[in-house]
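A closer look at the structure
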There are 2 protein chains.
Amino acid sequence: MAASATDADFAAWMGSIQARVESALARNLPGPPQVPARLHEAMRYATLEGGKRVRPLLTFAAGELTGADAARLEIAASAVEMIHAYSLVHDDLPCMDDDVLRRGKPTVHVEYDEATALLVGDALQTLAFQLLSENALADDPALQLAMVKALAVAAGSRGMAGGQAIDLEATGKALSQAELEFMHVRKTGALISAAVKLGAMCAGPCPAALEQYAHRIGLAFQVVDDVLDAEASTATLGKTAGKDSKRGKPTYVSAMGAARARAFAEELRASAQEALAPFGAAALRLRQLADFIVLRKF
Amino acid sequence: MAASATDADFAAWMGSIQARVESALARNLPGPPQVPARLHEAMRYATLEGGKRVRPLLTFAAGELTGADAARLEIAASAVEMIHAYSLVHDDLPCMDDDVLRRGKPTVHVEYDEATALLVGDALQTLAFQLLSENALADDPALQLAMVKALAVAAGSRGMAGGQAIDLEATGKALSQAELEFMHVRKTGALISAAVKLGAMCAGPCPAALEQYAHRIGLAFQVVDDVLDAEASTATLGKTAGKDSKRGKPTYVSAMGAARARAFAEELRASAQEALAPFGAAALRLRQLADFIVLRKF
C-alpha cells in the first residue's frame with residue numbers, strides 16, 4: 001500500500017473511532033433533563049466535542065489487536081476519557097494552572113463557575129468508575145475488577161494525581177531528565193498506559209509487550225507536548241501555548257533543549273514500535289498511533 | 001440489661017470499631033516516604049484522627065448483621081470514609097463553603113494550600129475505588145463489581161456530588177420540605193445508604209429492608225445536622241457552627257423550625273427502627289446507631 005493510501009486509511013479509522021467514542025460519551029453522560037441540570041450540562045461541556053481522543057484511540061487499537069468486543073471498548077474508552085476530562089477541568093482551575101482556554105473554548109470554570117468546575121471534575125471521575133463497574137466488560141468479573149484497579153492506580157496519588165502534585169512542587173525548579181521522567185510517567189504516562197491496558201483487557205489479560213509499548217508511548221506523548229507548548233501557537237493548539245516556560249515549569253525543552261527533546265521523542269517512538277514486534281501486522285493501528293503521537297503538530 | 005449497661009456496651013463497641021477503622025485507614029493510605037510525600041501527608045491529615053466515623057460504624061453494624069468477614073468490612077468502611085473525607089476537603093475549599101475549621105483542625109487548604117487540597121480530594125476518591133477493586137471483598141467477583149457500582153452511584157452526579165450542586169443552586173432560596181429532601185437524600189443520604197449497603201454486601205446481596213433503614217437513617221442524619229448547626233456551638237461541633245443560616249442555605253430548621261425538625265428526625269428514627277423488625281435481635285447495633293445518630297449532641 002502506498003504511504004498516502006495508508007495515511008488515508010488511518011485517518012478514516014481515526015475518524016470512525018472518534019465518532020464512535022463521541023456517541024458513547026454522549027450516551028453515557030447524564031443529560032440536562034436529569035437533575036442537577038446545570039452540573040450535567042457542564043459535565044457534557046467538559047467532555048464532548050473535545051480533543052483528539054488519543055486515549056480512546058489507543059484503547060480501540062489495543063482492543064482490536066486482542067480481539068475485544070467493540071461495545072466493551074466504547075465503555076472502557078469512555079471511562080478513560082472521563083478521567084482525562086476531569087483532570088483537565090481541575091488542572092485549569094485558578095488554584096492550579098488558572099487557564100481560560102481549552103480545546104478552543106472557555107474552560108469550565110470560566111464558562112460556568114469555579115464551584116461547578118470542581119464538582120464537574122469530581123463527578124466525571126466517579127462516573128468513570130461507575131461505567132467500568134456497571135457494564136459487562138470481561139467474561140470473567142475478576143478480570144473486570146482488575147480493570148477498575150488499573151484505572152484507579154493510573155489516576156491516583158501514585159499515578160496522574162501524584163504526577164500533578166510533583167509538577168506543582170517542581171514549578172520554578174530545574175529538574176534532571178530522570179526527575180522529569182519520574183514526574184511525567186505519572187502525570188501523563190500512567191493514564192495513557194491504562195488506556196492501552198484497558199483496551200486489551202476487554203478481551204483478556206494484557207500482554208506484557210503491550211505494557212512496554214504503552215509505557216514508552218505515554219512518555220513520548222508528554223515529550224512532544226512539551227515541544228509543542230514551546231513551539232506551536234495558541235491557535236494551533238486550541239489551548240494556551242508557551243505557558244510552561246512562562247510559569248517556570250520544568251519541561252523536556254527546558255531540560256535538554258527542543259532539538260534533543262525531539263530526538264528523545266523519536267527514540268521513544270522507535271522503541272515503542274519495537275515492543276510491538278511480537279504482534280506482527282495485527283498491531284498496525286498501534287504502530288500508526290505511535291507515529292501519530294510523535295509526529296503530530298498540535 | 002439495664003439502659004446504662006447497654007450504653008456502656010454500645011460505647012465500647014463503637015470505640016473498638018473506630019480504632020479498627022483508624023488503623024485500617026492508616027494502613028491503606030500511602031505514607032509520606034512514598035512520593036509525592038506532601039500529597040500523601042495531606043491525604044492522611046484529611047482522613048486520619050477525624051470525626052465520629054458514622055459511615056464506617058454503619059458498615060460494620062450492617063456487616064455484623066449479615067455475618068460479613070471483619071477484614072472485608074475494614075476495606076469497605078475505609079473506602080466509604082475516604083469518599084466522605086474527599087467530599088469534606090472539596091466542600092471546604094474557598095470556591096465552595098470557604099471554611100477554615102474541620103474536626104477541630106484547620107481545613108486542608110488552610111494547613112497546606114488550595115491546589116494540594118484539590119488533589120487530596122481527587123486522590124482520596126480514586127483510592128476508595130482502588131481499595132474496593134484490589135481486595136477480595138465478596139466470594140463472587142460480580143457482587144464485588146456491584147459494590148463498586150453502589151459506591152460510584154452514591155458518590156456521583158446523581159448522588160453526593162449532585163446533592164452538592166443542588167445545594168449550591170439553592171443558596172439564598174427558600175425550599176419546600178420535598179425539595180429539601182430531594183437535595184439531602186443525595187447530598188448526605190446516598191453515601192450513608194452506601195455505607196450500610198456495602199457492609200451487608202461483604203456477605204451477600206443487601207436485603208431490601210436494610211436499604212429502607214439506610215435511606216431513613218441517611219435523611220435523619222442530615223435533619224439532625226441542620227438542627228445542630230443552628231443550635232450547637234463551634235467548640236462542641238469542631239466545625240464552624242451557624243454557617244448555614246449565615247450563608248442563606250435552606251435547611252430543615254429554616255424550612256420548618258427547630259422543634260418540627262427535631263420531631264421529623266424522631267419520626268425518621270422510629271421508621272428506621274421499624275425497617276429493622278425482620279432482623280430481630282441481630283440488628284442491635286443498627287438500632288443503637290439509629291438512636292445515636294438522632295440523639296447526638298455534636
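Residues numbered from 1 in each chain as written. Chains lettered and ligands numbered in written order. Predicted model: local features only at pLDDT ≥ 70, side-chain atom pairs only at ≥ 80, totals over all residues.

The general pattern is negative phi for most residues beyond glycine and trans for most peptide bonds. A cis amide bond links Val35 of chain A to the next residue, Pro36 of chain A, at an omega of -5°. Mapping Pro36 of chain A onto the fold places it in the loop between helix 1 (3-28) and helix 2 (37-47). Of note in the backbone geometry, Glu49 of chain A takes a positive phi value of approximately 55° without being a glycine. Looking at where Glu49 of chain A falls in the secondary structure, it is placed in the loop between helix 2 and helix 3 (54-66). The exposure class of Glu49 of chain A is exposed, given the 12 C-beta atoms found within 10 Å. Positive phi is not limited to glycine here, since Arg53 of chain B has a value of about 60°. Summarising the element assignment, Arg53 of chain B is placed in the loop between helix 2 (37-47) and helix 3 (54-66). Look at Arg53 of chain B and you get buried, because 23 C-beta atoms sit within 10 Å. (Helix = DSSP H or I, 4+ residues; strand = E, 2+ residues; numbered from the N terminus. Buried ≥ 20, exposed ≤ 12 C-beta atoms within 10 Å, placed from the backbone.)

Right, let's get into the confidence of the model for chain A. Confidence along chain A averages 93 in pLDDT terms, with 96% of residues attaining 70 or more. What the predictor reports for the complex is a pTM of 0.95 with an ipTM of 0.95. (pLDDT = per-residue confidence, 0-100.)

Another aspect to go through is the interface of chain A and chain B. Across the boundary between the two partners, chain A contributes 44 residues, which contact 44 residues of chain B. Where the side of chain A that touches chain B is concerned, the elements lending two or more residues are helix 2, helix 6 (114-134), helix 7 (141-155) and helix 8 (160-170) of chain A. By residue number, the principal contributor to the side of chain A that touches chain B is helix 6 of chain A, which donates 13 residues. Here the side of chain A that touches chain B is composed, by residue class, of 25 nonpolar, 12 polar and seven charged. (Contact = placed C-beta atoms within 7 Å. Nonpolar A, V, L, I, M, F, W, Y, C, P; charged D, E, K, R; others polar.)

In this section: the nonpolar core. Judged by nonpolar contacts, the single largest core of 206 residues is most densely connected at Val120, Leu151 and Ala220 of chain A together with Val120, Leu151 and Ala220 of chain B. Not counting residues up to four positions away in its chain, the partners in contact with Ala220 of chain A are Ala265, Leu268, Arg269, Ala272, Ile293 and Val294 of chain A. (Core = buried A, V, L, I, M, F, W, Y, C linked by C-beta atoms within 7 Å.)

As a further point, take the relation of the copies chain A and chain B. It takes a turn of 180° to lay chain A on chain B, together with a shift of 0.0 Å along the axis; the resulting RMSD is 0.0 Å. Expressed as an axis order, the relation between the two copies is that of a two-fold axis. Of the C-alpha atoms belonging to chain A, the one lying closest to the rotation axis is found on Pro141 of chain A, 2.7 Å away. (Least-squares fit on C-alpha atoms with pLDDT ≥ 70 in both.)

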